[in-house]
2 protein chains.
Amino acid sequence: MASTSSLALSQALLARALSHHGSDQRVSLPAFSGLKSTGPRAASSSRRRAGPTRHRDTRPVIRAAAVETIDTTTEASVVEKSINTIRFLAIDAVQKANSGHPGLPMGCAPMGHILYDEVMRYNPKNPYWFNRDRFVLSAGHGCMLQYALLHLAGYDSVKEEDLKNFRQWGSRTPGHPENFETPGIEVTTGPLGQGIANGVGLALAERHLAARFNKPDSEIVDHYTYVILGDGCQMEGISNEACSLAGHWGLGKLIAFYDDNHISIDGDTEIAFTENVDQRFEALGWHVIWVKNGNTGYDEIRAAIKEAKAVKDKPTLIKVTTTIGFGSPNKANSYSVHGSALGEKEVEATRKNLGWPYEPLHVPDDVKSHWSRHTPEGAALEADWNAKFAEYEKKYPEEAAELKAIITGELPSGWEKALPTYTPESPGDATRNLSQQCLNALANVVPGFLGGSADLASSNMTLLKMFGDFQKGTPEERNLRFGVREHGMGAICNGITLHSPGLIPYCATFFVFTDYMRAAMRISALSEAGVIYVMTHDSIGLGEDGPTHQPVEHLVSFRAMPNILMFRPADGNETAGAYKIAVSKRKTPSVLALSRQKLPQLPGTSIEGVEKGGYTISDNSSGNKPDVILIGTGSELEIAAKAAEELRKEGKAVRVVSFVCWELFAEQSDAYKESVLPSDVSARVSIEAGSTFGWEKVVGSKGKAIGIDSFGASAPAGLLYKEFGITVDAVIAAAKALI
Amino acid sequence: MASTSSLALSQALLARALSHHGSDQRVSLPAFSGLKSTGPRAASSSRRRAGPTRHRDTRPVIRAAAVETIDTTTEASVVEKSINTIRFLAIDAVQKANSGHPGLPMGCAPMGHILYDEVMRYNPKNPYWFNRDRFVLSAGHGCMLQYALLHLAGYDSVKEEDLKNFRQWGSRTPGHPENFETPGIEVTTGPLGQGIANGVGLALAERHLAARFNKPDSEIVDHYTYVILGDGCQMEGISNEACSLAGHWGLGKLIAFYDDNHISIDGDTEIAFTENVDQRFEALGWHVIWVKNGNTGYDEIRAAIKEAKAVKDKPTLIKVTTTIGFGSPNKANSYSVHGSALGEKEVEATRKNLGWPYEPLHVPDDVKSHWSRHTPEGAALEADWNAKFAEYEKKYPEEAAELKAIITGELPSGWEKALPTYTPESPGDATRNLSQQCLNALANVVPGFLGGSADLASSNMTLLKMFGDFQKGTPEERNLRFGVREHGMGAICNGITLHSPGLIPYCATFFVFTDYMRAAMRISALSEAGVIYVMTHDSIGLGEDGPTHQPVEHLVSFRAMPNILMFRPADGNETAGAYKIAVSKRKTPSVLALSRQKLPQLPGTSIEGVEKGGYTISDNSSGNKPDVILIGTGSELEIAAKAAEELRKEGKAVRVVSFVCWELFAEQSDAYKESVLPSDVSARVSIEAGSTFGWEKVVGSKGKAIGIDSFGASAPAGLLYKEFGITVDAVIAAAKALI
């Protein structure tokens with residue numbers, strides 16, 4: 001086996017004496033933690049530690065550089081042992097769960113060790129320390145690598161108990177890395193390609209904040225983003241999108257390790273993946289380094305990282321050729337080690353092969369002792385930074401306040417007053433234009449507000465007029481130009497928002513093209529990343545572009561997705577209301593479906609109404625007993641209102657309800673719901689230029705849902721509305737049939 | 001302006017005398033048209049011509065090569081005039097509609113002209129002639145280019161009247177190319193990147209069929225696939241996925257023109273797209289040629305095509321540098337010409353600039369006359385091929401019959417008998433495994449059945465055991481290896497199925513990853529491409545991989561999508577039933593959601609039942625009056641059946657309904673629906689391990705829908721079912737509360 005011979009080689013390579021790295025150092029706990037709104041669902045122990053510190057004014061005695069150096073002075077035997085510890089934590093946890101992916105951790109243990117033990121700067125006792133280096137395991141199935149590293153590094157989120165509960169109900173070590181379950185995990189990965197795109201977002205955030213806040217005498221923002229991605233991530237289109245942008249933007253502090261192991265689930269990558277990855281990344285504007293022996297060439301890995309750091313104007317891809325399942329005598333370098341437990345026999349054989357006499361999930365004392373320094377060193381790093389920040393704050397109080405707001409996620413008091421409001425006399429406009437007024441108003445008051453469009457800025461109306469473009473030479477600016485890369489855009493925004501609680505990215509395309517980025521949007525929802533999705537051209541109302549561009553089923557598809565708010569505002573007040581909630585909900589992404597066509601400012605709409613999800617905008621009935629309730633969303637609320645006018649002229653008692661956000665309405669009290677949709681009133685008509693799927697819940701079995709259950713067509717918008725029966729007359733006819 | 005000077009250059013370049021291309025040739029109509037199942041929604045005139053011919057046994061007098069040559073002998077002035085005709089047809093049609101994208105047609109008119117007039121082999125009077133060259137406008141917004149070319153070439157689908165109705169209701173010239181509206185359009189494009197991926201599918205189909213059916217003495221399958229794609233397509237991840245595969249497969253007859261005009265909607269591509277595209281494509285295994293003057297360098301374009309054809313083992317990218325809006329003195333080379341009418345003034349200025357004295361939408365007589373030869377030549381090409389096929393049929397009757405079935409889409413009689421059936425005594429199995437039995441059974445009897453997985457063949461269970469892998473060296477095989485490229489996979493399958501009515505591709509991944517490929521799936525639905533989507537691991541039942549891998553809202557999202565069948569079979573008979581419909585519905589794609597976990601063969605399930613979409617599998621009531629109706633799908637039908645057993649023990653009259661495909665149930669008569677779900681019975685409980693969104697329609701406002709409206713979790717499947725309340729007990733409790 002290649003694995004055993006390369007193992008011998010590794011021993012030979014590292015047979016030199018290096019002196020031990022001291023760990024007897026004073027602890028300094030963080031003064032300023034930035035924990036406010038990024039904690040996991042369950043309160044974690046690290047979170048509880050976030051109070052005022054004991055050493056607020058103590059300057060740290062340990063300098064960050066002590067940890068950063070990659071010219072390690074650690075004894076080779078400890079390195080080897082630590083790497084094997086990582087391997088066996090993965091092997092044993094997967095074996096115990098009888099489920100999981102041991103192959104990647106076994107192959108990537110060397111780079112993982114070097115990153116977490118020798119290179120990265122972090123504070124294990126405060127996983128949310130702002131200036132930490134970020135690490136993303138884009139090949140998320142190999143999560144035991146990361147759990148093992150967090151465990152060794154001293155994170156409280158991954159105790160021995162947690163390793164024993166790998167992939168079990170309620171554990172903090174789920175089957176793929178989940179930021180909302182495990183402090184220390186930056187982003188949620190597993191769906192391939194997402195992680196590297198998240199990494200681009202994290203690196204973008206660092207670059208932007210550094211450009212905005214660093215001073216010649218204080219680099220207050222200064223950290224790296226490291227990613228490990230595999231062959232699967234490389235094949236996914238999203239990674240090419242995001243990496244093309246990373247190259248364009250010149251994100252020099254993004255360093256990605258490509259675990260080049262030649263094996264994917266279907267076998268050797270020869271069967272489907274024979275492109276020249278190095279050359280592709282060069283074409284994308286990356287610096288590319290090849291580490292030929294990723295199994296045991298530790299110094300090669302160290303040198304590559306050093307070189308990568310020296311290249312400041314380009315992201316770096318370090319292609320690390322490894323053996324999947326390294327150390328397993330019978331399964332290494334094969335698909336069988338990718339996604340299943342090794343089996344007891346092979347675990348035993350691997351123990352023998354790697355000379356590992358320990359019990360399952362055991363961390364040898366010398367390894368434990370070696371890693372123990374990260375707790376004091378991490379605390380020192382943070383304390384050091386806190387002291388630096390205190391100085392910065394004195395010199396640059398304004399910038400410090402802004403940066404602090406971005407770090408903590410605290411919004412400036414009264415920010416929401418910046419949102420525009422409208423009266424029925426205000427000029428009518430497309431909600432995409434009204435959205436731009438909101439975006440610009442928000443960017444004026446919310447320091448971490450930034451975003452852009454996938455090459456549709458002038459159609460989505462997303463430009464921030466007071467800022468320029470975020471570009472290689474102007475990273476302090478806030479207009480992001482994503483190009484036609486919807487999927488990458490969504491995942492990059494996930495990275496941005498998960499970088500710091502106060503970074504609030506929005507991104508935009510036509511609503512129908514959420515289909516291109518849905519996987520990233522679902523991860524926003526799952527990973528509690530409050531990205532704002534500005535989705536214009538939200539129905540057949542876009543007209544001539546035709547059915548390829550006209551969303552039909554998209555509203556439904558997001559209403560059914562957990563933890564995402566689907567807004568369809570009808571006018572200016574409702575657009576402002578949607579933004580008010582979207583900005584304040586930092587753990588829930590929002591989708592705003594906006595019109596291309598001009599709409600009137602309707603009487604009765606309000607920001608407060610939007611906060612309820614569904615509310616009455618007009619009513620001429622009494623005693624909560626209208627003859628009929630007309631329910632609309634977005635551009636069709638106007639049609640409902642017009643139909644109501646006509647019906648009222650005929651003496652009917654008609655209520656018009658805006659159903660702008662189903663999810664928020666569902667959260668209201670039964671009494672409120674009853675006040676809007678009284679159960680006694682079964683005469684209900686809904687109108688929405690989209691699929692009627694699901695509207696039975698609102699209109700009831702006797703009501704009528706007007707919508708479009710086929711694809712649209714290419715023609716002027718007005719005619720389409722008529723041809724598809726989305727008209728005042730249709731509402732009136734339906735209402736009369738029910739009264 | 002660059003445009004005017006380059007115009008002068010073009011005149012200079014082409015100032016040489018070339019003799020006119022003759023067009024007085026005998027017409028021979030097709031003997032064998034292959035039209036059976038590919039017509040557009042409305043019967044087209046070309047379709048009506050598909051009957052028996054007048055010249056069945058006449059050998060053609062014109063050889064195909066006469067049209068194929070790119071050493072054109074056409075007079076330069078006619079070429080120039082033809083190219084300007086294309087430009088002005090686009091300019092004028094967009095101006096008349098006051099909507100559309102003139103910029104691309106103005107820049108790409110030269111390559112368009114050369115392709116349709118000098119290079120491509122087609123029969124305008126039979127757009128479905130099997131051995132035609134395929135053309136895909138991946139940058140679909142430039143559709144007026146293609147409409148102009150189809151018009152000039154003599155396609156009956158684009159008459160002058162149709163150009164006048166560009167982007168109008170009911171026209172055959174919608175805002176983006178739609179194969180189902182306009183004969184001559186191969187695939188539906190507009191959403192960027194889809195077209196180039198479709199092109200890979202078309203070229204794959206050609207290569208596969210050529211490998212299977214060509215004989216040393218008869219190249220019966222022999223045509224090219226040409227694609228024009230723009231900067232937008234290049235930025236989309238899907239294009240990188242598909243092009244990586246095209247390079248891997250060595251699809252030498254795929255020739256893509258990259259309209260390198262440096263402008264996208266947001267302005268100069270410098271703001272977001274600075275990668276080295278040539279280098280990237282070389283890395284992907286393509287042959288790359290750069291045509292530096294795409295505006296007027298006609299011979300450069302011709303030479304590039306010649307070179308591309310000579311490279312047989314690699315696809316070719318011809319980067320053609322053009323000026324968007326070429327000829328417009330004030331708008332060329334700017335975003336403003338991309339997506340709006342030029343405006344009357346600028347139309348006038350462009351007329352002057354290009355020396356175009358004609359009325360709007362006028363085709364000058366000499367241009368008309370020049371293009372008129374394509375009607376007889378196209379007929380001759382087809383007749384030639386038909387004669388060749390007749391010979392082939394004599395020599396190779398078996399192969400000819402198979403190829404004919406692929407061309408016409410006619411399924412062998414009794415094919416459905418190959419599908420396995422099961423009794424309750426048959427061993428239980430995961431529906432993904434039962435699916436593999438169906439796939440292998442179908443591949444034995446359906447000659448055009450082929451497909452594969454996005455690197456999950458051994459998890460999706462999609463390998464055809466009697467075939468090898470479709471690879472560069474073995475293109476006659478039928479297992480497609482897509483790598484981890486879901487989006488590209490979907491779009492490639494759209495291309496395969498739209499290549500020939502009898503090609504029936506299936507493709508596979510985990511159900512949750514439909515999110516990666518949804519845009520391609522929507523185009524399957526819209527463009528009537530009957531792709532079969534084999535989607536396994538369809539719920540929390542997949543267990544430990546956790547919420548990133550567990551679909552929740554996905555069933556809903558497809559039930560709401562027009563023209564796609566969402567199946568969730570419960571066992572072997574239902575899986576076979578789903579395949580029976582999926583294979584027979586050639587104009588509607590099907591999605592099969594299949595379990596990872598083992599399921600029993602249930603009494604009462606049947607293929608016939610599946611054909612109804614919803615049906616009773618067991619009932620102990622009489623008079624269509626059960627006490628309660630339990631409704632399940634897929635893996636939860638077993639739970640409903642078990643709950644019914646328990647309730648019946650307590651003396652209840654319980655009906656169990658399988659609701660395997662909502663769309664098919666919706667198509668049934670009211671009487672049938674009433675027989676399954678009698679309106680008098682409001683006690684209804686549904687159970688499905690997915691979002692309950694939309695189930696109100698089935699269970700009614702008094703019924704109860706059991707499901708999961710949050711994300712899942714990482715744990716063993718059995719425990720997840722318990723924790724999320726998807727249990728027999730929950731069904732019993734809900735039923736009792738309703739009875």
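Anyway, here's the lowdown on the structure attached to this text. (Residues numbered from 1 in each chain as written. Chains lettered and ligands numbered in written order. Predicted model: local features only at pLDDT ≥ 70, side-chain atom pairs only at ≥ 80, totals over all residues. Heavy atoms only, no water.)

1. A look at the sheet that holds strand β16 (residues 615–619) of chain B
Residue and element names in this part refer to chain B. The sheet built from 5 strands is open, its strands ordered β16-β18-β17-β19-β20 with mixed pairing. If you trace the sheet from one side to the other, it starts and ends with β16 and β20 (704–706), each paired once. The average angle at which neighbouring strand axes cross in this sheet is 20 degrees, direction not considered. Alignment of β16 against strand β18 (residues 654–658), held across 4 bridges, turns out to be antiparallel. Pairing of Y615 across the sheet is with S658, part of β18. Contacting β17 (628–632), β19 (684–687) and β20, helix α29 (residues 728–738) crosses the sheet at an angle of about 160 degrees to β19. (Pairing = 2+ DSSP bridges. Helix = DSSP H or I, 4+ residues; strand = E, 2+ residues; numbered from the N terminus. Axes fitted to C-alpha atoms, helices over the stretch in contact; angles between N-to-C directions. Contact = heavy atoms within 4.5 Å.)

2. Remarks on the interface of chain B and chain A
In this complex, chain B contributes 98 residues to the contact, which on the side of chain A involves 98 residues. Summed over both partners, the interface of chain B with chain A comes to about 8100 Å²; 57% of that surface belongs to carbon and sulfur atoms. Across the pair B:D545 and A:R167 runs a salt bridge whose closest N-O atoms are separated by 2.7 Å. Put simply, chain B and chain A have 51 residue pairs in polar contact (both at pLDDT 80 or more) between them. Here the side of chain B that touches chain A takes 7 residues from helix α20 (residues 514–526) of chain B, the largest share from any one element. Residue composition of the side of chain B that touches chain A, by class: 39 nonpolar, 34 polar and 25 charged. (Buried area = accessible area lost by both parts, 1.4 Å probe. Salt bridge = Lys/Arg side-chain N within 4 Å of Asp/Glu carboxyl O. Polar contact = N/O pair within 3.5 Å; in protein donor to acceptor, adjacent residues only side chain to side chain. Nonpolar A, V, L, I, M, F, W, Y, C, P; charged D, E, K, R; others polar.)

3. Considering the relation of the copies chain B and chain A
For these two chains of identical sequence, chain B goes onto chain A by a turn of 180 degrees and a shift of 0.0 Å along the axis, with RMSD 0.0 Å. What the rotation and shift describe, once combined, is the action of a two-fold rotation axis. Counting the interface residues of chain B, we find that 100% of their copies in chain A are interface residues as well, pointing to one common contact surface. (Least-squares fit on C-alpha atoms with pLDDT ≥ 70 in both.)

4. Focus on α29(B)
Residue and element names in this part refer to chain B. Within α29, the full set of buried residues consists of V731, I732, A734 and A735. What you see down the axis of α29 is that its buried residues fit within an arc of 165 degrees, all on one side. Pointing more than 90 degrees away from the buried face of α29 are the exposed residues D729 and A737. Close packing links the buried residues of α29 with β17, α24 (637–649), β19 and β20. (Buried < 20%, exposed > 50% of the residue type's maximum accessible area, 1.4 Å probe, protein only. Arc of directions from axis to C-beta.)

5. What to know about the state of the cysteines
As enumerated under the stated definition, the model contains 0 disulfides over all chains in all. Cysteine A:C438 shares no disulfide, and the gap to the nearest cysteine sulfur, in A:C661, comes to 16 Å. (Disulfide = S-S within 2.5 Å.)

6. A word on the pairing of β19(B)
All names here are of chain B. Alternating residues of β19 divide into R684 and S686 and V685 and I687, and every residue in both groups is buried. Sheet topology note: the β17/β19 ladder contains 4 bridges and is parallel. Note on β19: the bridge partner recorded for G632 is I687. In the sheet, β19 pairs with β20 via 3 bridges, with the strands oriented parallel. In the sheet register, I687 faces β20, and the bridge partner there is I706.

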